[in-house]
Amino acid sequence: MAMRRSNRIIIRDEQSLSAAVLEASRVAQDMGLSRVAAQQLATVASELARNILKYAGRGDITLENLEHKGRKGVRLIASDHGPGIEDIERAMAEHYSTGGTLGLGLSGAQRMMDDFTVTSQRGQGTRVEAVKWQ
């Protein structure tokens, strides 16, 4: 699988969150993803960047172009060094929230993507890797 790094956005405030959303949409469009796929990737970037701000305060979003057997896609990696997720399985369940929200963020993000993996260590941070193919 051929890859080349496209961009890394440090998430530290609402402005950088907006930059990550715009960049996700741009990278998806540049890779030839459909308009719907680009919107889905931008939505996931927004959700994950918002989680970084809310739970860790700071982190980053990295966007990578992917090419594999004639397919094109984008990998989004969101990572932080925050408190981590205590129970990933529970956090991925619909309507579960530790932050007073509807609890649809991670599960909704997973549904929009083709591949979605969450790894986290308590006290060490969280890494979410999501891929959207054309």
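These numbers were taken from a predicted model, which means no experiment stands behind them.

**A few points about the overall build of the protein**
Reasoning step 1: Helix and strand counts for the protein stand at 4 helices and 5 strands.
Reasoning step 2: Residues counted as buried form 42% of the 134 residues belonging to the protein.
Reasoning step 3: Within the protein, residue pairs in contact and separated by at least 24 positions form 62% of the contacts whose partners lie at least 6 positions apart.
Reasoning step 4: Carbon and sulfur atoms make up 46% of the accessible area of the protein, which amounts to about 7500 Å² in all.

**Concerning helix α1 (residues 14–30)**
Reasoning step 1: Taking 1.5 Å per residue as the helical rise, α1 with its 17 residues ought to reach 24 Å, and the 24 Å between its terminal C-alpha atoms agrees with that figure.
Reasoning step 2: Within α1, burial applies to S16, L17, A20, E23, A24, V27 and A28. One face of α1 carries all of its buried residues, which in axial projection span an arc of 130 degrees. When the buried face of α1 is taken as reference, the exposed residues oriented beyond 90 degrees from it are Q15, L22, Q29 and D30.
Reasoning step 3: With a side-chain oxygen positioned 3.2 Å from the backbone nitrogen of Q15, the residue opening α1 is D13.

**Notes on the pairing of strand β3 (residues 71–80)**
Side chains on a regular strand alternate between the two faces of the sheet.
Reasoning step 1: Burial of β3 is extensive: 8 of the 10 residues sit out of reach of the surface.
Reasoning step 2: Summarising the sheet, strand β2 (residues 59–68) and β3 pair through 10 bridges and their orientation is antiparallel. Within β3, the position partnered with L63 by the bridge is L76.
Reasoning step 3: Taken together, β2 and the strand that follows it, β3, pair antiparallel across an intervening segment of 2 residues, in which K69 is found at a positive phi of about 50 degrees.

**A look at the confidence of the model for the protein**
Reasoning step 1: Overall, the predicted model of the protein reaches an average pLDDT of 89, with 87% of residues at or above 70.
Reasoning step 2: The weakest mean pLDDT in the protein belongs to strand β1 (residues 2–11) at 77; the strongest belongs to strand β5 (residues 125–133) at 98.

**Structural notes on the packing of α1 against helix α2 (residues 35–56)**
Reasoning step 1: It is the contact of α1 with α2, at a shortest axis distance of 8 Å, that shows an interaxial angle of 155 degrees. Classified by the angle between their axes, α1 and α2 sit roughly antiparallel to one another. Of the two possible hands of crossing, α1 and α2 adopt the one that is right-handed. Residue-level inspection shows E14, L17, A20, V21, A24, S25, A28 and Q29 of α1 in contact with α2, the latter providing A38, L41, A42, A45, S46, A49, R50 and L53.
Reasoning step 2: Grouping the constituent residues of the contact of α1 with α2 by class yields 11 nonpolar, 3 polar and 2 charged.

**Focus on the packing of α2 against helix α4 (residues 105–112)**
Reasoning step 1: Where α2 meets α4, the axes come as close as 10 Å, and the angle between the chain directions of the two elements is 155 degrees. When the axis of α2 is compared with that of α4, the two are roughly antiparallel. Here the hand of the crossing between α2 and α4 comes out left-handed. Of the residues in α4, those touching α2 at Q40, T43, V44, E47, L48 and N51 are G105, L106, A109 and M112.

Each value, and the rule that gives it
Residues numbered from 1 in each chain as written. Predicted model: local features only at pLDDT ≥ 70, side-chain atom pairs only at ≥ 80, totals over all residues. Heavy atoms only, no water. Helix = DSSP H or I, 4+ residues; strand = E, 2+ residues; numbered from the N terminus. Buried < 20%, exposed > 50% of the residue type's maximum accessible area, 1.4 Å probe, protein only. Contact = heavy atoms within 4.5 Å. Areas by Shrake-Rupley, 256 points an atom, 1.4 Å probe, with all protein chains shown as cover. Expected span 1.5 Å × (residues − 1). Arc of directions from axis to C-beta. Polar contact = N/O pair within 3.5 Å; in protein donor to acceptor, adjacent residues only side chain to side chain. Pairing = 2+ DSSP bridges. pLDDT = per-residue confidence, 0-100. Axes fitted to C-alpha atoms, helices over the stretch in contact; angles between N-to-C directions. Parallel < 35°, antiparallel > 145°, perpendicular 65-115°, else oblique. Left-handed = near helix turned anticlockwise from the far one by under 90°. Nonpolar A, V, L, I, M, F, W, Y, C, P; charged D, E, K, R; others polar.

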